[in-house]
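Here is what each chain is made of, one letter per residue.
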Amino acid sequence: MSELDVQTKEWLKLSWELMIRDPSEAIQYADRVITSTPPESEPHSTARYFRGLCLMYQGYFSASFDELTETLSLANNYKYYLNASRVNNALGMVNHANGRYGQALDHYELTSEYARENNDTPRLVPPLINMSQVFFDMDDIESASEQLDEIDQLETEISDDNLVEIYLLRARIFLEIMQFEQAETFLNKANDLAISIEYASFILRCQEVLGRLRRLQGRLDESKTLLISVIRHPDLSSLGADAVVPYIELSKLLVSNGEISHSISSLEDGLAIIKPRKRSPQNVRALEQLSYVYELAGDVKNNARTLHLLVSAMKHSSERQGQSFLEVRRIKRQQVKDQFQKKLLDQENQALKKAQERLEFLNEIAQQLASTLDYKVLGERLFRIFSNKLNIHFLSLVTTNNHAQCLKFQFIIDQNVHIFNPDISYDEPGSNMVNAMKTRQVVVINDAQVSKGFQTTGGSPTKPRTMLFFPLIQEKEVSGVFSIQSPIPFAFADEEIQLLEAVTKFISIAVSNIQSHETVRQLNKILNIEKKEIESAQQRIEHMAYHDSLTSLPNRQSLDNFISAQIIKSRQEKRNFHLVYIDLDGFKPVNDRYGHRVGDEVLIIISRRIQKALRAHDFAARVGGDEFVLIIDSFAKKGAVRGFLERLLVVIQEPIVVEQHKLMVSASIGAARFPEQGESLDRLMHSADQAMYAIKRLGKGGFQFVESNQ
């Protein structure tokens, strides 16, 4: 995962966590994702959805509707169906807040259908809550309760914000049927939880419902204080069209107090401030209350005007649309429920039948294979069983032979005829058998005709189209691979492949029984393999301790050991040798310009050239980044060392091609002779180093002896 992907994931997480308690900050994180991701990406779609929710929680319903509508179109275009479902739910919430109940229910239905089709119980909860809220607002208490009862029956965890909404709905339902004690219990739960998660809009809703409860209980002073605090709250607009409800409740309370004129002015103020949609149910209820208060006041003119507005609003009110939708929905849901129950029963019967057939099939396999101790008989029995149940023409079995590093065919049956095929090496390229063995996974080829690089076994005129390869695993070890093939493409459904996987367990046991007499030999073979692996690891460790990891040349430690032995040998035989110190010229610019990968390749090539230039008894080591030390045994002819160094310099300076780059490096070489210029590695290195730097001072690219007569 890239750094941007990690950052995007974190921004989305923060936006979601802040959305309820601080939507203005949450939208900033959503905007960061939107600007940093392409429109066709899923994070971009999710961020647009979050942005729409944030706008809604801030009370910007028109902007939220536009954002979510465009997001829904993008999500459907790019097939992000989960996001499309979530956006549908959000659009339902926006329409609901604006009093468009019919449209809201349409969106909630789409969301719930998606959740049901995908067996996504957690995502079924929000649309059920929202539909319950719509039904309640349309005075259909029975349907509202049904939605909440369905949620209670779901075996799923419910989020805190959804619980707040459920508790508040329960409180409102109990309040509607005048069960004040139960209403207050659920209202307290909703309010406490809303405060704990900082769910601002629902804290306001809880206060408004509590104000209504107190009014109905006759506790008018408490009710008035609560309703006025809600009306004066700066976040009142976040309630959408419902923001006019506390004004309606306050108007009713003032009527109860005999404050008719105050009741009228309060409600008129609310309608002027909130401006609910003309045909919204909230506007209808406000006009009904206002007409009633005008009638109490004896204001015939204003009452007539209000009644005219009320009649106009009710002609096409969302509540009427919602009620019409509700009738259609009830019929549809009953039909769907009946069809679903029948389908569910059919599926259960079919599942029971398949389970019974599966058990019978596995039982037959177990009985047929339990007494089999011969591979040929095993193959014939399997072919008879499978060919009666499935459309196959071929099956085979190989067992692992780790000693020979191959898969050995124990049987191949094609069209009920045994055929022969050579063993398959573990290194065989493109072998599906080897692939199944090495990955320990089932290999499925649904149409061999369109697959590239597949291999077939035998020379039958019937060509395989569907090919399955099952690793046989016994006691965590792969003992072989079983293959079954069909002449038709996509011959096996997923459940048939799962059944075959179950059968391979019995085949593994049969193979184990057949091989039981070889157990001791197998154990010895495993021990030998483990021993070789340990020895190989020890050799690698030892090699790493004395060799350079990049060039594989001996390292400084190896140089110390070699020269100590060389000094002893030279003293005994009274022979001399030269220590040659090489420092590459022009390597650093190569490294800086083309990068370390190219630089490393240059060092490897130079190392090979140096090794190739040496005699069998000479020695080369890498002692630094671009520094090498050679130990050159004595030459028979005087002056031969100079010729060797001239050839070495030419070899190093030859052009090098790496990744289509033609590169040139040279070398400054210093040489010191034992014992004249030093009788230890340190003294010889110092002398050769001085000679090398003398060359560098002269302009690089050459060699220099400590003695001028070399």
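Residues numbered from 1 in each chain as written. Predicted model: local features only at pLDDT ≥ 70, side-chain atom pairs only at ≥ 80, totals over all residues. Heavy atoms only, no water.

### Points about the packing of aromatic side chains
Right, on to step 1. In total, this model carries 12 aromatic pairs according to the counting rule given.
Right, on to step 2. Aromatic pair Phe562 and Phe619: ring centres 4.2 Å apart, planes at 10 degrees, arrangement stacked. Of the two residues, Phe562 is situated in helix α22 (residues 556-573) and Phe619 in strand β9 (residues 619-622); the sequence distance between them amounts to 57 residues.
Right, on to step 3. Residue classification places Phe562 among the partly exposed positions, given a relative accessible area of 24%. (Phe/Tyr/Trp six-rings, centres within 6.5 Å; stacked < 30°, edge-to-face > 60°. Helix = DSSP H or I, 4+ residues; strand = E, 2+ residues; numbered from the N terminus. Buried < 20%, exposed > 50% of the residue type's maximum accessible area, 1.4 Å probe, protein only.)

### Some remarks on the pattern of salt bridges
Right, on to step 1. Per the counting criterion, the structure on display carries 31 salt bridges.
Right, on to step 2. For Glu249, the salt bridge identified is with Arg212, shortest N-O distance 3.1 Å. You can see Glu249 sitting in helix α13 (residues 245-256) and its partner Arg212 sitting in helix α11 (residues 200-216), a full 37 residues away along the chain. Take Glu249 and Arg212: they sit in the same class, and that class is buried.
Right, on to step 3. Between Arg556 and Asp560 there is a salt bridge, with its nearest N and O atoms 3.3 Å apart. Here Arg556 and its partner Asp560 are both found in helix α22, 4 residues apart, which amounts to about one turn of the helix.
Right, on to step 4. For Asp560, a relative accessible area of 26% corresponds to the partly exposed category.
Right, on to step 5. Linked through salt bridges whose partners overlap, the residues forming this network are Asp31, Arg48, Arg51, Glu67 and Glu70. (Salt bridge = Lys/Arg side-chain N within 4 Å of Asp/Glu carboxyl O.)

### Digging into the nonpolar core
Right, on to step 1. By size, the foremost hydrophobic cluster in this structure holds 70 residues, and its most contacted members are Tyr57, Leu187 and Tyr199.
Right, on to step 2. Here Tyr57 is in contact with Met19, Ile20, Pro23, Met93, Tyr199 and Ser238, once residues within four sequence places are set aside. (Core = buried A, V, L, I, M, F, W, Y, C linked by side-chain atoms within 4.5 Å. Contact = heavy atoms within 4.5 Å.)

### Quick word on the sheet that holds strand β14 (residues 702-705)
Right, on to step 1. Within the open sheet, the 5 strands sit side by side as β9-β10-β8-β13-β14. Their pairing is mixed. Bordering the open sheet on either side are β9 and β14, each of which pairs with just one other strand. Across this sheet, the average inter-strand angle for adjacent strands is 20 degrees, counted without regard to direction.
Right, on to step 2. Pairing geometry for β9 and strand β10 (residues 627-633), over 4 bridges, is antiparallel. Among the inter-strand pairings, Phe619 is bridged to a residue of β10, identified as Ile631.
Right, on to step 3. Where helix α26 (residues 681-697) meets the sheet, it contacts β8 (577-585), β10, β13 (666-674) and β14, and its direction lies at approximately 140 degrees from that of β13. (Pairing = 2+ DSSP bridges. Axes fitted to C-alpha atoms, helices over the stretch in contact; angles between N-to-C directions.)

### As for the confidence of the model for the protein chain
Right, on to step 1. Of the residues in the protein chain, 91% have a pLDDT of 70 or more, and the chain-wide mean is 86.
Right, on to step 2. Across the protein chain, the secondary-structure element scoring lowest on mean pLDDT is helix α17 (residues 318-370), at 63, and the one scoring highest is β9, at 96.
Right, on to step 3. Taken together, the stretch residues 317-322 has pLDDT below 50 and engages in 24 contacts with residues farther than four places along the chain or on a different chain. (pLDDT = per-residue confidence, 0-100.)

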